[in-house]
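Each chain, written out:
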Amino acid sequence: MGISELYIIKRDGKRAPFSVEKIKRAISARQKEGTLLTRPPFGYQRSPDDKKILEIIPKEAEIIREIYRLYLSGLGYRRIALFLTDHSVPTPSQALHEREIKLGKLSGRSVAYRWSDGMVKEILDNDFYTGVLRLKKRSRSTVHGKDKRVPKDEQHFFPDHHPAIIDPADFT
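1. Focus: the overall build of the chain
In terms of regular secondary structure, the chain is built from 5 helices and 8 strands. The N-to-C order of helical and strand elements in the chain reads β-β-α-β-β-α-α-α-α-β-β-β-β. Residues classed as buried in the chain amount to 30% of the 172 residues present. Once local pairs closer than 6 in sequence are excluded, the contacts in the chain between residues at least 24 apart make up 55%. For the chain, the exposed area adds up to about 12000 Å²; of that, 53% sits on carbon and sulfur atoms.

Printed below as a string of structure tokens:
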């Protein structure tokens, strides 16, 4: 059975054809509106009152600011990662795990207890921290195909979408 032959069982018990194209169109429409469809990055959470609104998590935001301060003072990714690990600063997955415990929702995701240079690089390279929402950064031609980068002029760009943690002037 191919994916084009699948059906969705609706609430009324009737079958409806499953359409990958319809789902792609719906996702694309929500992206064009500026809706973040994934979990917010480290430092942010959805507002309990309105899931479309993103709020800064102060404790995590201070970690992000410290990473930028260290980078702007001349430290590289690996040195910053070692500094954070040596000072027992919680990693993004540790912080998420702690929030999940408080909410009673454990996802079972693996938790990294040491900072890596990749984690630091990901934070420093992410313009989300300047208040920008950039969607459709990658696309895939088939369900199990490889992601391909989308040129910046074809991405959906929303400046001042949410509160900034980092001043855009400090973003490198």
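That was the structure; now back to the text.
2. Describing the packing of aromatic side chains
Taken as a whole and judged by the stated rule, the model has 4 aromatic pairs. Each ring, one from Y44 and one from F128, has its centre 5.1 Å from the other, and the planes form 85°; the classification is edge-to-face. Residue Y44 is found in strand β3 (residues 44-46), and its partner F128 is found in the loop between α5 (117-125) and β5 (133-135); the two are separated by 84 residues along the sequence. Just as Y44 is buried, F128 falls in that class too. Three or more aromatic residues joined by ring pairs form one cluster here, namely Y44, F128 and Y129.

3. Let's talk about the side chain of N126
With respect to the element layout, N126 can be found in the loop between α5 and β5. The contact partners of N126, leaving out residues within four places of it in the chain, are P41, Y68 and F171.

4. Looking at helix α3 (residues 77-86)
Of all the positions in α3, only I80, A81, L84 and T85 are classed as buried. Angularly, the buried residues of α3 cover 130° about the axis, an arc narrow enough to put them on a single face. Across α3 from its buried face, at more than 90 degrees, point the exposed residues R78, R79 and D86. Buried residues in α3 make contact with α2 (58-72) and α5. Within two residues after α3, S88 carries a phi angle of roughly 55°, on the positive side.

5. Focus: the confidence of the model for the chain
Averaged over all residues, the pLDDT of the chain is 83; the fraction at 70 or higher stands at 78%. No element of the chain has a lower mean pLDDT than strand β1 (residues 7-9), at 66, and none a higher one than α3, at 97.

6. Notes on the environment of Y71
Of note, Y71 is situated in helix α2. Each C-alpha atom of the pair Y71 and K121 lies 10.0 Å from the other, and the pair is 50 residues apart in sequence.

7. Observations concerning the packing of α2 against α5
Put simply, α2 and α5 touch, their axes get as near as 10 Å, and they point 95° apart. Between α2 and α5, the crossing angle belongs to the class labelled roughly perpendicular. Where α2 abuts α5, its residues I64, I67, Y68 and Y71 lie against V120, I123 and L124. Looking at the contact of α2 with α5 residue by residue, the class counts come to 7 nonpolar, no polar and no charged.

8. Quick look at the side chain of H162
As for its position among the elements, H162 is in the segment after β8 (156-158). Among the polar contacts made by the side chain of H162, one reaches the main-chain carbonyl oxygen of F128 at a distance of 2.7 Å. Within polar-contact distance, the side chain of H162 engages the side chain of H161 at 3.1 Å. Beyond its immediate stretch of four places on either side in the chain, H162 contacts Y44, L54, F128, G131, V132 and L133.

Procedures and definitions
Residues numbered from 1 in each chain as written. Predicted model: local features only at pLDDT ≥ 70, side-chain atom pairs only at ≥ 80, totals over all residues. Heavy atoms only, no water. Helix = DSSP H or I, 4+ residues; strand = E, 2+ residues; numbered from the N terminus. Buried < 20%, exposed > 50% of the residue type's maximum accessible area, 1.4 Å probe, protein only. Contact = heavy atoms within 4.5 Å. Areas by Shrake-Rupley, 256 points an atom, 1.4 Å probe, with all protein chains shown as cover. Phe/Tyr/Trp six-rings, centres within 6.5 Å; stacked < 30°, edge-to-face > 60°. Arc of directions from axis to C-beta. pLDDT = per-residue confidence, 0-100. Axes fitted to C-alpha atoms, helices over the stretch in contact; angles between N-to-C directions. Parallel < 35°, antiparallel > 145°, perpendicular 65-115°, else oblique. Nonpolar A, V, L, I, M, F, W, Y, C, P; charged D, E, K, R; others polar. Polar contact = N/O pair within 3.5 Å; in protein donor to acceptor, adjacent residues only side chain to side chain.

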